[in-house]
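Examining the three-dimensional arrangement
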Amino acid sequence: MSQPILQVRNLCIDFVLEDRTIEAVKDASFELAAGETLAIVGESGSGKSVTALALTRLLPVPPAVIKGGEILFDGESVMTMDAARLRKLRGGKIAYIFQEPSTSLNPVYTVRSQIGEAIRLHRRDVTDVDAEIVRWLDAVGIVDPAARMHDYPHQLSGGMQQRVMIAMALACQPDVLVADEPTTALDVTIQAQILELLRELKQRLRMSILLITHNLGIVGDIADRVAVMYAGQIVELSPARALLQRPLHPYTQALMNSVPQLGHELERLQAIPGNVPNLGQFPSGCRFHPRCPKAQSDCSQKAPELVEVEPGRWVRCPYWK
Amino acid sequence: MERSLRRFRANKIGLCALGMVGLLAVIAVAFFVLDVLGIPWPMDPDATNLERKLLPPDSVNWLGTDNLGRDVFSRLLNGAYISLTVGFVAVFVSLFIGVTVGAVAGYFGKWVDKLIMRFVDAIMCFPTFFLILTAVALVGPSIFNIIIVIGLVSWTGTARLVRAEFLTLRESAYVQAARALGQRGPKIIFRHMLPNAAAPILVTAVLGVPEAILAEAGLSFLGFGVQPPQATWGNIIADGKTYILDAWWLILFPGLAILIAALSFYLTGDALRQAVETRSERQ
């Protein structure tokens, strides 16, 4: 594999509040190769969105503090970039699409004006902006793009709005697309369409995608590799297929058992006992041990490391066998 | 937008008030132009006629005459121009300052916000009218000075409003999205946030006009405002107060003019607020 386009090493992010400090992300490391799709899966509050925003230093500082670690884009450290380079990175190299398409578009401007703004920001060489807008709207599957681009966001359906967001992100021709729960706010049928679109675009444009999701079900469709996050830590990092067939970490296993699967006879879904720990009040040792069916006596003392147990498969649990 | 327009149209009081505002504006412009062209109508507002002084309304002087025999009706029409000019321009000045200050405080937040808002609080501690009075006493009364001074002391409300709007807008997804797109700060403020705060800003602007009109009338009444012989509603009343027991028309008509003007703007602003209010939808 060639040099990865994005490298994250030992990223630690804290939120410093007036009365306490919350460890939102601890020691996260992963790489994204060119053309690869990595999915980060986790529950609400597991730190996945925070990680995604930190990639271009979009987190508000304070309260967020990037306490340690390194983020390298194309070999260059994001941490030391000045404001001008950061602006080029945001949108131009790493583009985002967010969860709520209906609120991510500015209600007072037309689609044309918003995509045009993105193109003028990052691609000065484009002379015929309108043609470029039509091209990308067409690429994301919007019918009659020349007419639709004069619409305001409220005139479009949720699925269309998300397509517009994707077109806007792609129009800047980024190297990495960060999709932060792109389908969460959409109907199931529209979800499938948007995922299909992302998969098709990924193949056509050879673009890297970082997909943030809480839905293990959509991971198999699109991701090459998966990072599972729990309580601010990556607990398992593995090729998608292998992970779905044979999850190694007890949390991933529990997560899979709690998702209904087609084709399986009516088994009772298994909820994970207990609750997600409150932010900032993580249990000592392994953060999953109070809910873990395989917990041993020393799990509450020693914090496990993320270890490569098989080629390409990393697990943060000494008892994964 | 369309819904707001429809709601405004359905508001009869608001429409009447807006009509009244329009009428006042037309009168003010028309009589300013006539005055400049040197064809004062119905009479020269500054022409004295001591044979016909302190006369009650009749067929020649429709609203009576003052102690120098000047026609009250002509002076009122002429004063409308002063009042509206002061009202609009002062509001423009105060909007400019208030929006800028509020936007900066709300967008940057943190210590910038704290510093600016404590400064705003400090200014708000002064009774506005006495602040205006003091300032005018220092720089001297002229229409220009009065406009600037009123504008300079009345922006605090706008600043607080814009700041509050911006604190909300800053967290909105499309502002996040604009930042994620690599847009620069000033562009985000003026292109993405300000238009979304336009409705409440417009409402405060319209509600600010009568405040400025009343402030000017008050100043002129106290003699710190526009200086005679230039007629304004405030100084007509000031001149007339000596004769209050003998010549009621000197007080009543300019008073009514002030009342109608202020009320029209207030009611317009109120109707506007109801029309653009999205929070309390009652449909």
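The present account deals with the structure reproduced in this document. (Residues numbered from 1 in each chain as written. Chains lettered and ligands numbered in written order. Predicted model: local features only at pLDDT ≥ 70, side-chain atom pairs only at ≥ 80, totals over all residues. Heavy atoms only, no water.)

**Let's talk about the overall build of chain A**
This is how it is decided: Comment: elements are numbered from the N terminus, with helices defined as DSSP H or I runs of at least four residues and strands as E runs of at least two. For a compact globule the rule gives 2.2 Å times the number of residues to the power 0.38, and the radius of gyration it is set against comes from C-alpha atoms. Partly exposed describes any residue whose relative accessible area lies between the buried limit of under 20% and the exposed limit of over 50%, with all areas from a 1.4 Å probe on protein chains only and scaled to the type maximum. Pairs of residues are marked as contacts when any of their non-hydrogen atoms sit within 4.5 Å.
Counting its regular elements, chain A contains eleven helices and twelve strands. Here the C-alpha radius of gyration of chain A, 20 Å, is about what a compact globule of 321 residues would show, namely 20 Å. With the C-alpha coordinates of chain A rotated into their principal frame, the extents come out at 65 × 50 × 40 Å. For chain A, the residues scored as buried account for 52% of the 321 residues in total. The contacts in chain A between residues at least 6 apart in sequence include a share of 65% that link residues at least 24 apart.

**Re the sheet that holds strand β5 (residues 76-77) of chain A**
Residues and elements named next belong to chain A. The condition that has to hold: Any two strands with at least two DSSP bridges between them are considered paired.
Across the sheet, which stays open at both edges, the four strands sit in the order β2-β1-β4-β5 with antiparallel pairing between neighbours. Two strands in the sheet have a free side with no partner beyond their single neighbour: β2 (21-32) and β5. Sheet analysis places strand β4 (residues 64-73) next to β5, joined by two bridges and oriented antiparallel. For Leu72, the partnering residue across the bridge sits in β5 and is Ser77.

**Considering the interface of chain B and chain A**
For the record, the criterion: When two components associate, each loses some accessible surface as probed by a 1.4 Å sphere; the sum of these losses over both components is called the buried area. Whenever a carboxyl oxygen of Asp or Glu lies within 4 Å of a side-chain nitrogen of Lys or Arg, that contact is scored as a salt bridge. Whenever a nitrogen or oxygen atom comes within 3.5 Å of another N or O atom, the pair is scored as a polar contact, on the condition that within protein one atom can donate a hydrogen and the other can accept it, and that pairs from neighbouring residues in sequence are kept only if both atoms are in side chains.
Tallying the contact residues gives 15 residues for chain B and 25 residues for chain A. Together, the buried faces of chain B and chain A total about 1,800 Å²; carbon and sulfur atoms form 54% of this surface. On the chain B side of the contact with chain A, B:Ala180, B:Leu181 and B:Arg191 bury the most area, a combined 34% of that side's loss. Seen at the junction of chain B and chain A, the total is one salt bridge. Viewed at the interface, chain A and chain B are joined by eleven residue pairs in polar contact (both at pLDDT 80 or more). Those elements that place two or more of their residues in the side of chain B that touches chain A are α8 (173-180) and α9 (185-193) of chain B. Ranked by residues supplied to the side of chain B that touches chain A, first place goes to α8(B) with six residues.

**Let's talk about the packing of aromatic side chains**
Keep this limit in mind: Each Phe, Tyr or Trp ring (for Trp, its six-membered ring) is paired with any other whose centre lies within 6.5 Å, and the angle between the two planes then decides the class: stacked below 30 degrees, edge-to-face above 60, tilted in between. Here, over-ring charges are defined by two tests on the NZ atom of lysine or the CZ atom of arginine: distance to the ring centre within 6 Å, and angle to the ring normal within 35 degrees.
Scanning all chains against the criterion turns up eleven aromatic pairs over all chains. Residues B:Phe88 and B:Phe265 carry aromatic rings whose centres are separated by 5.7 Å and whose planes lie at 75 degrees to one another, so their mutual orientation is edge-to-face. Here the residue B:Phe88 occupies a position in helix α3 (residues 72-108), and B:Phe265 occupies one in helix α12 (residues 249-276), the gap between them amounting to 177 residues. Site record: aromatic cluster; members linked through ring pairs are A:Tyr230, A:Tyr251 and A:Phe288. The side chain of B:Arg191 reaches across the aromatic face of A:Tyr109, ending 4.2 Å from its centre. Its guanidinium or amino end placed over the ring of B:Phe221, B:Lys241 lies 5.4 Å from that ring's centre, counting from NZ or CZ.

**Let's talk about the packing of α8(B) against α9(B)**
Residues and elements named next belong to chain B. Worth spelling out the cut-off: Axis definition: a line fitted to C-alpha atoms, limited for helices to the stretch in contact. Angles are taken between N-to-C directions and run from 0 to 180 degrees. Any angle that falls under 35 degrees is termed roughly parallel, while one over 145 is termed roughly antiparallel, one within 65 to 115 roughly perpendicular, and all others oblique. Handedness of a crossing is defined here by the sense of rotation of the near helix relative to the far one, left-handed for an anticlockwise turn of less than a right angle and right-handed for a clockwise turn. Under the convention adopted here, Pro, Cys and the residues Ala, Val, Leu, Ile, Met, Phe, Trp and Tyr are nonpolar, Asp, Glu, Lys and Arg are charged, and Gly plus all remaining residues are polar.
Between α8 and α9, the shortest axis-to-axis distance is 11 Å and the interhelical angle comes to 140 degrees. The angle between the axes of α8 and α9 places the two elements in the oblique class. As for the relative orientation of α8 and α9, their crossing is right-handed in sense. When α8 is examined against α9, the residues Tyr174, Val175, Ala178 and Arg179 are found in contact with a partner set consisting of Ile188, His192 and Met193. Split into classes, the residues belonging to the contact of α8 with α9 amount to five nonpolar, one polar and one charged.

**Observations regarding α8(B)**
Residue and element names in this part refer to chain B. Most of α8 sits inside the fold, with six of its eight residues counted as buried. Among all positions in α8, only Tyr174, Val175, Gln176, Ala177, Ala178 and Ala180 are buried. Following α8 by one or two positions, Gly182 adopts a phi angle in the positive range, close to 85 degrees.

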